[in-house]
Structure formats: C-alpha cells, structure tokens
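A look at the structure
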Amino acid sequence: AMLAYLLSSLIQSGFRAQRYRVLLQTDASIRDPLPFRPLFFVTLSRNMFVDMLPSRLGEASYLFLLKKVFGTRVATAISSLSLSFAFDLAALAAIIGIAALATLASGQPSSALILIASGLLLAVGTGFLLLFRCWEPSVKLLSRLSSKLHRFKLIREAIRVLSETGQSIRDAGTSRALLHCFLLSLGVRAFKYLALIVLLASILSAAFSPIAWSDIDNLLLALVAGEAAASLPIPTFMSFGSYEMGAAWTLS
C-alpha cells in the first residue's frame, strides 16, 4: 500500500508539473520549451513546502524556484499558480460530481456530495470570472486610485506585476491550453485521492473492518474536508491537527 501510495503521488506530481509547463509556455516571453525534469523537481519542492507551512504559504516557494531555476517573470509564475488553483477546483468539482452521479445511479443519492459539487461548481465559475474578466479592470481601477502613490517604487512595481499577471492570464485563456490543463488537473486529483484512499483503506482494513465500496463517497468527502481544513489559517507545522480535524469530523 505504501508503494502504491508513493507511485500514485509521483504520478500526480508529474501531471502537476506538466500542467505548470503548459501554462508557463503560453507566455510569449518564454520561447523555448521548458525542460520537464527540473520543473518536476520544482513541483516536488513546492509540494513539500505547501505541506510543511500552514495556510498554503508554501506556494510562495514555487514563485521563488521558478525565478531561480528558469528566470521566469514573477507575473508569469503568479498567473500559472492562480490558474492551477482554479483548475484544481474545477477537477475536484468534476470528480465530486461524478461521485454524486454514481450515488444517484445506485439509488442511494448522497445529499452531501450533491451539495458540495454544486458549491464547487459555483466557486469554479466565480473564480474563472474573476481571473479572466475582473483581474485587469480591477488592476486598472487600483492604479487610478493609487495614482498619487506611484512615486513610491514599491507601489509602481506592485501595479506593474499585477498588470503583467493579468496579461499572462489573458494569454493563457486565448490559447488551447485550457482544455489540456483541465485534463491534466483531472489526473492530478484522481491520482492524489487514489493514493490517499489506497493507503487509508489498507490501514483501516488492518485495524478495523474493511471499507465497503459503498462507503468510498464518504471517504472521499473526508479527504476533501481534511484538505480544506489544512488550508485554513491555523498555524500548525505540516498542518498536523488541522487536516485530521477536518477529516475526522467528516468521518464521525
């Protein structure tokens, strides 16, 4: 089970690295294809720091490493990170939606899955609307409102980076990368939860009664709840306590 968990984790990291690669390549300033191998190790490092630091503060390591390894613009890195998060939610909504449909087809509909899938779809729609329709107008409005502060270099640089990020997001939205990224995101989520379910099921089957396939939806909900709890602003190292709190509350 541990070997299956490690293999699935590496596969999902490979999908994640390829998704970053596709999004980064949409930037016109990156002319040569990014090599996959160093980007894969950047992704593994990002995964480690995200798990280690609370409230997803470890995401900043991705921005630093891209700049350090590839010389990527901060705006391009922020764009790929923002879109990756949006696609993660979209893939999660799709997986939860499929699980909800499966419960409907079995004649035992899960109201929790249906409710969460609906909420995720709303969040995904709002997120993509904010990224593709509201980012650049908001930056222009912010620039006008802070025009008197443009004499400060820090303010000017912040406005410039935000403006370039909006341009990078727009470039990604007009390319064919969106469908590719969604499919890669499905791979990320599928192998991530497959890894956790295999490991958790093996532990539970050794100490408790084995998990029935009819309970997989509840187990999936518990894993999602644990992940959501780990993203809360709770200052715990490696999210110890917060992840378990969310998952255990759902399981109970």
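Conventions used here
- Residues numbered from 1 in each chain as written.
- Predicted model: local features only at pLDDT ≥ 70, side-chain atom pairs only at ≥ 80, totals over all residues.
- Heavy atoms only, no water.
- Helix = DSSP H or I, 4+ residues; strand = E, 2+ residues; numbered from the N terminus.
- Rg over C-alpha atoms; globule rule 2.2 N^0.38 Å.
- Buried < 20%, exposed > 50% of the residue type's maximum accessible area, 1.4 Å probe, protein only.
- Areas by Shrake-Rupley, 256 points an atom, 1.4 Å probe, with all protein chains shown as cover.
- Lys, Arg positive; Asp, Glu negative; His and termini not counted.
- Charge placed at Lys NZ, Arg CZ, Asp CG, Glu CD.
- pLDDT = per-residue confidence, 0-100.
- Contact = heavy atoms within 4.5 Å.
- Salt bridge = Lys/Arg side-chain N within 4 Å of Asp/Glu carboxyl O.
- Phe/Tyr/Trp six-rings, centres within 6.5 Å; stacked < 30°, edge-to-face > 60°.
- Axes fitted to C-alpha atoms, helices over the stretch in contact; angles between N-to-C directions.
- Parallel < 35°, antiparallel > 145°, perpendicular 65-115°, else oblique.
- Left-handed = near helix turned anticlockwise from the far one by under 90°.
- Nonpolar A, V, L, I, M, F, W, Y, C, P; charged D, E, K, R; others polar.
- Patch = residues over 30% accessible without salt bridge, like charges linked within 9 Å, V, L, I, M, F, W, Y side chains within 5 Å.

**Considering the overall build of the protein**
Within the protein, the regular secondary structure consists of nine helices and zero strands. Written out in order from the N terminus, the α and β elements of the protein read α-α-α-α-α-α-α-α-α. The C-alpha radius of gyration of the protein comes to 20 Å, within 12% of the 18 Å expected for a compact globule of 252 residues. Its C-alpha atoms give the protein principal-axis dimensions of roughly 65 × 40 × 35 Å. Expressed as a percentage of the 252 residues in the protein, the buried residues total 38%. For the protein, the exposed surface amounts to about 14,100 Å²; the carbon and sulfur share of it is 71%. Computed over 22 positive and 13 negative side-chain charges, the inter-centroid distance for the protein is 11 Å.

**Some words on the confidence of the model for the protein**
For the protein, per-residue confidence averages 85 on the pLDDT scale, and 96% of positions sit at 70 or higher. Model confidence for the protein, summarised as mean pLDDT per element, is weakest for helix α8 (residues 216-230) at 78 and strongest for helix α1 (residues 2-25) at 93.

**Here's the deal with the side chain of serine 13**
Looking at the secondary structure, you find serine 13 in helix α1. Once you skip the residues sitting within four places of it in the chain, serine 13 turns out to touch Phe40, Thr43, Leu44 and Asn47.

**Focus on the pattern of salt bridges**
Using the criterion set out here, one finds nine salt bridges in the structure. The partner of aspartate 88 in a salt bridge is arginine 16, and the shortest N-O contact between them spans 3.5 Å. With aspartate 88 in helix α4 (residues 74-105) and arginine 16 in helix α1, the pair connects residues that are 72 residues apart, well separated along the chain. By relative accessible area, arginine 16 is classed as buried at 5%. Across the pair aspartate 27 and arginine 73 runs a salt bridge whose closest N-O atoms are separated by 2.8 Å. Here aspartate 27 is found in the loop between α1 and α2 (36-52), whereas its partner arginine 73 is found in the loop between α3 (59-70) and α4, with 46 residues between them in sequence. With a relative accessible area of 4%, aspartate 27 lands in the buried category.

**Here we look at the packing of aromatic side chains**
Enumeration according to the criterion identifies six aromatic pairs in this entry. Aromatic side chains phenylalanine 36 and phenylalanine 40 sit 5.9 Å apart centroid to centroid with 20° between the ring planes, which places their arrangement in the stacked category. On the criterion of helical spacing, the pair formed by phenylalanine 36 and phenylalanine 40 is a turn pair, its members being four residues apart in helix α2. By relative accessible area, which is 34% here, phenylalanine 36 ends up partly exposed. On the basis of an interplanar angle of 0° and a centroid distance of 6.0 Å, the ring pair of phenylalanine 128 and phenylalanine 132 is categorised as stacked. You can see phenylalanine 128 and its partner phenylalanine 132 sitting in helix α5 (residues 111-145), four residues apart, about one turn around the helix. Of the aromatic side chains, those joined through ring pairs into one cluster are Phe36, Phe40 and Phe41.

**Quick look at the environment of phenylalanine 128**
Considering only alpha carbons, one finds phenylalanine 128 and serine 29, 99 residues apart in sequence, at a separation of 23 Å. Once you skip the residues sitting within four places of it in the chain, phenylalanine 128 turns out to touch Ala86, Phe87, Ala90 and Arg133.

**Side note on the packing of α5 against helix α6 (residues 153-173)**
Taken N-terminus to C-terminus, the directions of α5 and α6 make an angle of 160°; their axes are 9 Å apart at the nearest point. On the basis of the axis angle, α5 is roughly antiparallel to α6. The two elements α5 and α6 cross, and the hand of that crossing is left-handed. Each of Leu131, Phe132, Trp135, Glu136, Val139, Leu142 and Ser143 in α5 lies in contact with α6, whose residues at this interface are Ile159, Leu162, Ser163, Thr165, Gly166, Gln167, Ile169, Arg170 and Gly173. Residues that form the contact of α5 with α6 fall into these classes: eight nonpolar, six polar and two charged.

**Notes on the environment of alanine 1**
Tracing the backbone through its elements, the reader meets alanine 1 in the segment before α1. Judged by its relative accessible area of 48%, alanine 1 is partly exposed. Between the C-alpha atom of alanine 1 and that of alanine 195, which follows or precedes it by 194 residues, the distance is 8.7 Å. Among all residues touching alanine 1, those that are not within four sequence positions of it are Val198, Leu199 and Ser202.

**A short note on a nonpolar patch on the surface**
Together, Met2, Leu3 and Leu6 make up an exposed nonpolar region whose accessible area comes to about 340 Å². As for its placement among the helices and strands, methionine 2 is situated in helix α1.

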